[in-house]
Amino acid sequence: GNCTFQWSNKGTLLAVCGSKRRVAVYDRNGRLYDEILLPAPENVKGSSPNDCSVLALSWSAGDDMLAILQTGSNNVLLWKTSSREASKLDTNMKELSALGWSRTGATLAVGTAKGNLLIYNSNAGKKVPIIGKHTRKISAVSWSKSGLLVLGADDKAVSISTAEGDTLKQLALKGEPAECQFNESSASESTLGGARAAASSGRGMDKFGDKLSINVGRQTLFLYRFGPQGGAGGGAGPGGADERPLELAFSPKYGSIVTHQWFGEGYVLIGFSTGYVVVISTHNQEIQEEVHSKQYITSGVLTDLVYNSKLQRAAVVGGEVVRILDLSGQNCIELEESSTSLKMMECTKAAWTADGQVLTVASNTGYVMTLLASLPTLHGAHATQLCYLTSLLELSVLDVTRNTRTQVEIETEPAFLAMGAYHVAVGINNQAWIYRIATNGDQSQQSGAIKVNQRDYLGTVDEILLNDHIAAVRSEGRVQLHTVEMADDPREEQDLLLPESGMPFDISCIGLSQNFLIYGTRRGSLHYFLLEDRVAVNEFKHDEGAIIAVYPNHLGTRLVFLDERQNLYLYHPVNDQLIPVSGFKSTPDKVLWDADDQSTLVVSDASNFYTFVYASVSINGPQITHIATTPRAHGQVPVLVSNGMLWCQVPAGKMERVLLVSHTALQDADRRRQGLEAARMRFKQSLALLRFKDAWDLAATIKQKDTWSALAEAALIHMNVALAMRVHRHIGNAGIVIALEKILPISDKNLLAGHICVLMGTDYGAAQDFFLKSNRPLAALEMRKDLKDWEEALKLAQQLDPSQMGEISREYASLLELRGEYDHALAAYERAAACDHAEPQSEAACQAGIARMVLHLGDLRRGRQLALESGSLQLCRECAGILEGMNQLQDAAELYERGHLYEKAASIYIMTKSFSMAQPLMAKISTPKLHTQYARAKEAEKQYQEAATAFEMAKDMDNVVRLSLEKLNDPQRAFAIVRRTRSSEGAALVAQHCRSTGDYPAAIEFLLMARRAEEAFELGQAHNEMDTYVRILGDGGTPEEYTSLAKYYETLGKLAKAGDLYAKCSQHAQALRLYLRCGASELDKAIEVVGKAQNDMLTNQLVDFLMGETDGIEKDHNHLFRLYMALRNYERAAHTAVLIARQEQEMGNYKIAHSTLFDTHRELSTQGRKVPAELTRNLTLLHSYIIVKTLIKLNDHKGAAQMLIRVAKNISKFPAHIVPILTSTVIKCAQAGYKKTAYDYASMLMRPEYRSQIADAYKRKIETIVRKPDKEAKDEEEVLAECPFCQELVSETDLDCNNCRNVIPFCIATGKAMTLAEWSQCPSCKFPCNAQAFVKLIAQEKNCPMCAQQVVLSAIRKVPDPVAALKAYTARG
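Thresholds applied
- Residues numbered from 1 in each chain as written.
- Predicted model: local features only at pLDDT ≥ 70, side-chain atom pairs only at ≥ 80, totals over all residues.
- Heavy atoms only, no water.
- Pairing = 2+ DSSP bridges.
- Helix = DSSP H or I, 4+ residues; strand = E, 2+ residues; numbered from the N terminus.
- Axes fitted to C-alpha atoms, helices over the stretch in contact; angles between N-to-C directions.
- Contact = heavy atoms within 4.5 Å.
- Phe/Tyr/Trp six-rings, centres within 6.5 Å; stacked < 30°, edge-to-face > 60°.
- Buried < 20%, exposed > 50% of the residue type's maximum accessible area, 1.4 Å probe, protein only.
- Lys NZ or Arg CZ within 6 Å of the ring centre and 35° of its normal.
- Core = buried A, V, L, I, M, F, W, Y, C linked by side-chain atoms within 4.5 Å.

**Things to note about the sheet that holds strand β18 (residues 210-216)**
Pairing within the open sheet is antiparallel, and its four strands lie in the order β17-β18-β19-β20. Pairing within the sheet leaves two strands with one partner each, and these edge strands are β17 (177-183) and β20 (246-249). The sheet shows a mean angle of 20 degrees between the axes of neighbouring strands, direction not considered. Pairing between β18 and strand β19 (residues 220-226): seven bridges, direction antiparallel.

Written out as structure tokens, the structure reads:
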């Protein structure tokens, strides 16, 4: 039948009752705690056998008593938790209808169907009956946290009373109250709409006191606020306008209001019968709005809606489903993975435990189901293993690297948890159970885990840690050490308590490694305890206060601790070095060392995870660096980090993986598959994590200089000199490699750090400090000398090596001299000169410095004397410069001359007009400016020849021209100079001179040279010298000039000349018109003009002329061929070339025809055009005939006969020499053994039309061959060769392969088919030839038979890739 249940306030016990008059009490693990048998009810009128036996169950505030209101009973049954005994509370009232315990005290309120009320105080045992509280049945009893009692009754009223039952307020309603709820959620609770509430300008109904909501008739929601002092009628009560009650109605589609819950800051969650869940706000700005509305129950009706403030989740039940809503954000989100369905059962009621871990649902069939909604955040970790609760009585052990999981069943719900290499420990209060975990290699253990120890401790356990063999338990300021497994110490003889007797019990935190127990105290001391010897090995006193947490690495060699000021430090136990760890936004709460990378650690605070890298060695000593920040989601608790993957436990008890920002590029598979930028990011993160090997591999992949430089710099910062050398050697920085090789053997860290700082060039002050702290402090002085920091070097030399004072003083003096501090520089030079160990060279440098300084300071006589006495050219020059700057010109010139700076000396002499002093120096001077100054001075003295010579040495040729024409009467010298220099100004001078003397051709020449073309044109016209003008103008004129000249010559009837000029200015139509008027004599120029113009109209005009369309006279086809070549119309050119060659061939001009075809073939090949097959066939045939004589000279009669046979087969193409060719064919075939072929062609010659033309010398022989034939005569079989295309054997003279249908290239030396084995080519024309045959031919003839160019035998080589050569030749045609 129907049932009901009620969780205790702490969520430890569950009371359940059905229709059998029995109340069962269970613990939270589902074990029966007690069973309460109910007496028979006094009144069973109107009840059904399936009805629940109780009307209400209510737990007292401390969970020490359960009140049971039995259906039809006039008494209340009170069951005590501690004694498990039930007692009857006699109410002396009838028809009890509702009850409820106060939420803070020991008061129970009981209502009746008559509207009466009983107040019962369990502590005092006092009952206070109140008659007539309401006029009808009290149906709802609610208590506020402040102790107010709210009663809802069927008289459509709600009363608000004190805990003693005194009425404070009576509210009249429009309907019967179904339920009453208080808004008592925490103001800090982060829930749906929290951001909205914070932004509201007014708080509306939650401005003062508590809010009360009433479900009125299951149709409206009545909202009322009452004063904070507990008085509903006065003070801050509802008397003001702002405190009016509100009554909210909803859309009829929602149905009736089943229940409602307050949550967040003034928000109400309402469940309707149709399955809708609506969220409303009680803030002024949103009071009329529905913040959220959705139907969650679509099959059946919604029966209950419960909210848990700790989880910030709500459970909606109805029909067969339970849906879980997440209200932690700004939206209401259904958690589908947490929702469930109860098949064949309809849900009637639901409730959460206070901690939100358990959700209980009752059904109409009498079943009560308890669902695990969340788990305690308990976990432990060791190396790459972690463990956590997967249910209240089950642990999961997860190896994050092997991805293996082991389940461990435990006996009770734990309050603490620890993890070791092979064990887990759980416990509660002062008890602990230790289980050995089954591993892959453990053959002795079959189950997931077995219990190996159970211990009771002297106090409540605060913390427990495990290693392989030892458990460390912190309890009440002490640490107890014992073996993990009881079998190792069954009598507990090895137990040890720390601290020792007499010491305060103030241990505040512990850490455990394989070899050490580490603990911190509230006194601020940190202790290392060696487990094997059971002795303290190190103690460190922290002066900043208590140590509240320690986080050692896996070996215990490094440790991070947190003090009471919330400061983190990294501690080195060997030298007690402390390094602050900072950079957090709020208080750090945990530190994890990366299980796979002991140089990486993660620190967490409330909002972020911070990745740090610890470097034990760097130029600045051990340091810890923050490299990345990863946002931390709400509720995440870090447990373990392995290679940048952080495992966190979330409020639901599950484990989540968080990839740290510092490792995203290294671990994210998608990023690893990306390109260069992803590789750069992986490199950057590897470098930040000090993974130098990975960084090297990535830098080798990226192949960019900045990447290598970054790796080298990081290696140097961390004093990895070998790696830095490797990097610089890879990128070719030889100088740095040499420098690093020198410092590689250095073992003194300070000395090495100093050298690295110098190489990096970042902080020379730090380098000096390192050097001075090293075993070789003189390195600091050497560094300052290398940096030329003489002032600092002087200070170091006084302390470290006074013998270097002289040298450093001299260098310091040079620096002061550059700064202009001459008095201090003079003192430094004098101090350096006075040094006992000064060498002669150093002495001279000091004296030179003194000379310069005394000049700067005004002692000119002494300075000049020192310079002259020194005998140093350089010092004389320097002192001369100083004197010149001081305007002491004569002394400066003297010293310049003594310093062999003749130009400077001469410049001063000329400026001061001391020409006599300057004259001896001019021959030693090459500066044009000085010679120009001297020349002008000489010209002013009318010494023109010397002036001209000086101008010429100054390369001022225009002035030489001027003097030659005007003063020296030497015009030919002027002409020669202008023609050589092409000077416009000089040309103008010479042109003027030529016009004055009547030399007009020369005048025209020089006017054009002076870029005065118009004057030259006018002069040519005036004096009939236009041909001279054109000749001199050449190709350097402008289009306008050429046009003017063309028109001029055209008017004179000199058409060819005019055409040339039109062509130069690209007026091709005018040029062609004039050339054609000249007739055939200028056809070559006409063709050239049309070829440049590439104009169809001009092309057609010229073609018409060549074909005789214009004058009726057809021109030589060679002109048409040249035209097509000029137009780059190679197809037409090839066709024309074939026609021309055919004409020449028919006339017997075989070499001309051959040359025409060859030239066309080569031009087409050069232009990348395919050669027509007809052209190639004709060229092959002509070439075969031409090389016959050469083959005969080489005694290759058979080859000659074969070529003649090829020609004879095409004898119709040689009409001018049919008989001679056939005669030669007969003779050579007879000699070569081709008797049948000789007979066949001899018979042809006996025809009447040929017989009379046979030469007398061969007639008888031919007649004999015909008259006396050898009937069995056969031709000698030809040699077979491989087809270069398909390697099929073909006749060596056959150029057509019957197998692959390709045309085989012919050898230009033999006319036979080419073979791949002997493939060569002419170095000049690139035609193919068989290497041996071509060498033999060139040795005899010297020239190529195809291109007629001379060939050197050494240039003939077989091609390395004959197949490629074959393809290239075939591609050309």
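**Examining the side chain of T384**
As for its placement among the helices and strands, T384 is situated in the loop between β33 (379-382) and β34 (385-391). Once residues lying within four places of it in the same chain are set aside, the contact partners of T384 are L398, D399, V400, T401, A595, D596, L640 and S642.

**Topic: the packing of aromatic side chains**
Under the criterion given, the structure shown has 19 aromatic pairs. Note on F540 and Y571: the rings are 4.9 Å apart at their centroids and 35 degrees apart in plane angle, and the pair reads as tilted. Separated by 31 residues along the polypeptide, F540 in strand β48 (residues 535-541) and Y571 in strand β51 (residues 568-572) bring together distant segments of the chain. Accessibility expressed as a relative area gives 11% for F540, which makes it buried. A residue is classified by how much of its surface remains accessible, and Y571, at 0% relative accessible area, is buried. Between Y1185 and F1214, the ring centres sit 5.7 Å apart and the planes meet at 50 degrees, which makes this aromatic pair tilted. One end of the pair, Y1185, is in helix α37 (residues 1173-1186); the other, F1214, is in the loop between α39 (1197-1208) and α40 (1218-1232), with 29 residues separating them in the sequence. Relative accessible area serves as the criterion here: at 25%, Y1185 is assigned to the partly exposed category. Following the ring pairs from residue to residue traces out a cluster consisting of F250, Y254, F272 and Y276. Here R84 stacks its cationic end above the ring of Y33, 3.7 Å away from the centre of that ring. One cation-aromatic arrangement involves R726 over W696; the distance from NZ or CZ to the ring centre is 3.6 Å.

**Quick look at the nonpolar core**
Counting residues in each nonpolar core, the largest one holds 76 residues, and the members touching the most others are L895, V990, F1006, Y1029 and L1045. With seven residues, helix α26 (residues 1000-1009) is the single largest residue contributor to this core. Sequence-distant contacts of V990, defined by excluding residues within four places in its chain, comprise V961, L965, A974, F975, V978 and F1006. Ranked by size, the runner-up nonpolar core spans 66 residues in total, among them L1179, L1194, L1295 and Y1369.

**Things to note about the sheet that holds strand β9 (residues 96-101)**
The four strands are arranged β9-β10-β11-β12 in an open sheet whose pairing can be described as antiparallel. In the strand order of this sheet, the two ends are held by β9 and β12 (126-130), each with one partner. The sheet shows a mean angle of 15 degrees between the axes of neighbouring strands, direction not considered. Inspection of the sheet shows strand β11 (residues 117-121) paired to β12 by five bridges, in the antiparallel sense. Each residue of the ladder has a partner; that of N121, found in β12, is K126.

**A short note on the environment of M725**
Relative to the helices and strands, M725 is located in helix α7 (residues 721-731). For M725, a relative accessible area of 8% translates into the label buried. The spacing of M725 and A712 is 13 residues in sequence and 7.9 Å in space, taken between C-alpha atoms. Among all residues touching M725, those that are not within four sequence positions of it are V737, L740, E741 and L744.

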